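In case you want the letters, here they are:
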Amino acid sequence: RDDDDINDVTTMAGVNLNEESARIMATNSDLVGTQTQSCKDEPFLAAVPLHKRILETAKKLGITDVPAEVVTFISHATQTRLRTVIEKVTVITQHRMESYKDDEWYEQATDVRAQLKFFEQLERLEKQRKDEQEREILLKAAKSRSRQEDPEQARLKQKAKEMQQQELAQMRQRDANLTALAAIGPRKKRKLDAPGVLSIGGEGLGVCGGSQAGLGTASPRQYPRQKITRVNLRDFIFYMEQEREMSHSLLLYRALLK
């Protein structure tokens, strides 16, 4: 009995649970068993257009009166259904965007991107070799001083002259760009994560107040960038294919035709 008194917190605090329960039932007996709500129950969809649409559908079935509670219930059901669809499609999108490169349980078998880069490099080298051959032919034609020139030889000389002029213009443009960059000086990178700066549409907008203007260094990660999940049509098609009630729907076939 002494050990129970020591371990019983309510007894040590001098609180009698029976008396407290009786006092609560006596003072708040009208509130016991009721449910309170701190905010107004607002429908998710507009009530007037939804009620009109429901009445149009109900008249086809011989129903002339639809109470407001039905409209509210359908509105909440639509909200719940939409939330469920968004949650499932978001999970599908996250699985699609998930990368397994750094996972220790997966080993990379092929790298298509590296193969494409290799083929692009081969094509670039082949094009460069052909351009060099054509350039040598044009230079030889430009240096030739034969008295009897045919129209083809004249065309090659004209093309070689245009090529030399184009190369000279590119060299001048490159020299002008280097001179302009040297005059401007090194470019400073803009701090996107600096406190007091919001990035909206690629432009920085300063929102620093007077109290923060005189501060020195602050935490650069004060405003972390929110991760955006972008859902595309392929994710919705995959979701509709997995759902039993939508796997043979007309909406799925219309999405597949797009």
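Before reading further, recall that the structure is shown in the block above.
Residues numbered from 1 in each chain as written. Predicted model: local features only at pLDDT ≥ 70, side-chain atom pairs only at ≥ 80, totals over all residues. Heavy atoms only, no water.

Visitor: Help me understand the overall build of the protein chain, please; the structure alone is not making it clear to me.
Guide: When helices and strands are counted, the protein chain shows 10 helices and 2 strands. When the helices and strands of the protein chain are listed from N to C terminus, the series reads α-α-α-α-α-α-α-β-β-α-α-α. Burial statistics for the protein chain: of 258 residues in total, 11% are counted as buried. Pairs at least 24 apart in sequence give 49% of the contacts found in the protein chain among residues at least 6 apart. Per element, the accessible surface of the protein chain, about 23,500 Å² overall, is 55% carbon and sulfur. (Helix = DSSP H or I, 4+ residues; strand = E, 2+ residues; numbered from the N terminus. Buried < 20%, exposed > 50% of the residue type's maximum accessible area, 1.4 Å probe, protein only. Contact = heavy atoms within 4.5 Å. Areas by Shrake-Rupley, 256 points an atom, 1.4 Å probe, with all protein chains shown as cover.)

Visitor: Help me out: how do you make sense of a nonpolar patch on the surface in this one?
Guide: A cluster of nonpolar side chains, contributed by Phe-44, Leu-45, Leu-82 and Ile-86, occupies part of the molecular surface with about 330 Å² of accessible area. Locating Ile-86 in the fold gives a position in helix H5 (residues 68-97). (Patch = residues over 30% accessible without salt bridge, like charges linked within 9 Å, V, L, I, M, F, W, Y side chains within 5 Å. Salt bridge = Lys/Arg side-chain N within 4 Å of Asp/Glu carboxyl O.)

Visitor: Would you mind showing me how to read the pattern of salt bridges here?
Guide: Pairing between side chains of opposite charge can happen when their charged atoms approach one another. Scanning all chains against the criterion turns up 7 salt bridges. Between Arg-96 and Asp-235 there is a salt bridge, with its nearest N and O atoms 2.9 Å apart. In this pair, Arg-96 sits in helix H5 while Asp-235 sits in helix H9 (residues 233-242), placing the two residues 139 residues apart along the sequence. The partly exposed category is assigned to Arg-96, whose relative accessible area is 33%.

Visitor: Is there a simple way to think about the nonpolar core in this case?
Guide: For soluble globular proteins, nonpolar side chains are generally found buried alongside one another. Core analysis: the biggest nonpolar cluster contains 9 residues, these being Val-85, Val-89, Ile-92, Ile-237, Tyr-239, Met-240, Met-246, Leu-252 and Ala-255. Only H5, H9 and helix H10 (250-257) provide two or more residues apiece to this core. Residues within four places of Val-85 in sequence aside, it is in contact with Phe-236 and Tyr-239. (Core = buried A, V, L, I, M, F, W, Y, C linked by side-chain atoms within 4.5 Å.)

Visitor: What is the right way to look at the side chain of Ser-75 in this model?
Guide: By secondary structure assignment, the location of Ser-75 is in helix H5. Filtering out sequence-adjacent residues up to four positions away, Ser-75 remains in contact with Pro-43, Phe-44, Leu-45 and Leu-50.

Visitor: So what exactly am I meant to see when it comes to the packing of H9 against H10 here?
Guide: Packed helices, taken two at a time, are described by their axes: the angle between them and the distance between them. Interhelical geometry of H9 versus H10 gives an angle of 150° and a closest axis separation of 10 Å. In the packing of H9 onto H10, the handedness of the crossing is left-handed. Of H10, the residues touching H9 (which contributes Leu-233, Ile-237, Met-240 and Glu-241) are Leu-251, Leu-252, Ala-255 and Leu-256. (Axes fitted to C-alpha atoms, helices over the stretch in contact; angles between N-to-C directions. Left-handed = near helix turned anticlockwise from the far one by under 90°.)

Visitor: Please explain the packing of H5 against H9 as it appears in this structure.
Guide: With their axes 9 Å apart at the nearest point, H5 and H9 run at an angle of 115° to one another. Here H9 runs roughly perpendicular to H5, going by the angle between their axes. Every pair of crossing elements has a handedness; the one defined by H5 and H9 is right-handed. Touching Arg-81, Val-85, Lys-88, Val-89, Ile-92, Thr-93 and Arg-96 of H5 are Arg-234, Asp-235, Phe-236, Phe-238 and Tyr-239, all from H9. Split into classes, the residues belonging to the contact of H5 with H9 amount to 6 nonpolar, 1 polar and 5 charged. (Parallel < 35°, antiparallel > 145°, perpendicular 65-115°, else oblique. Nonpolar A, V, L, I, M, F, W, Y, C, P; charged D, E, K, R; others polar.)

Visitor: What should I look at first to understand the side chain of Ser-247 in this one?
Guide: With respect to the secondary-structure elements, Ser-247 resides in the loop between H9 and H10. Separated by 3.0 Å, the side chains of Ser-247 and His-248 make a polar contact. If near-sequence neighbours (up to four positions away) are discounted, Ser-247 is found in contact with Met-240, Glu-241 and Leu-252. (Polar contact = N/O pair within 3.5 Å; in protein donor to acceptor, adjacent residues only side chain to side chain.)

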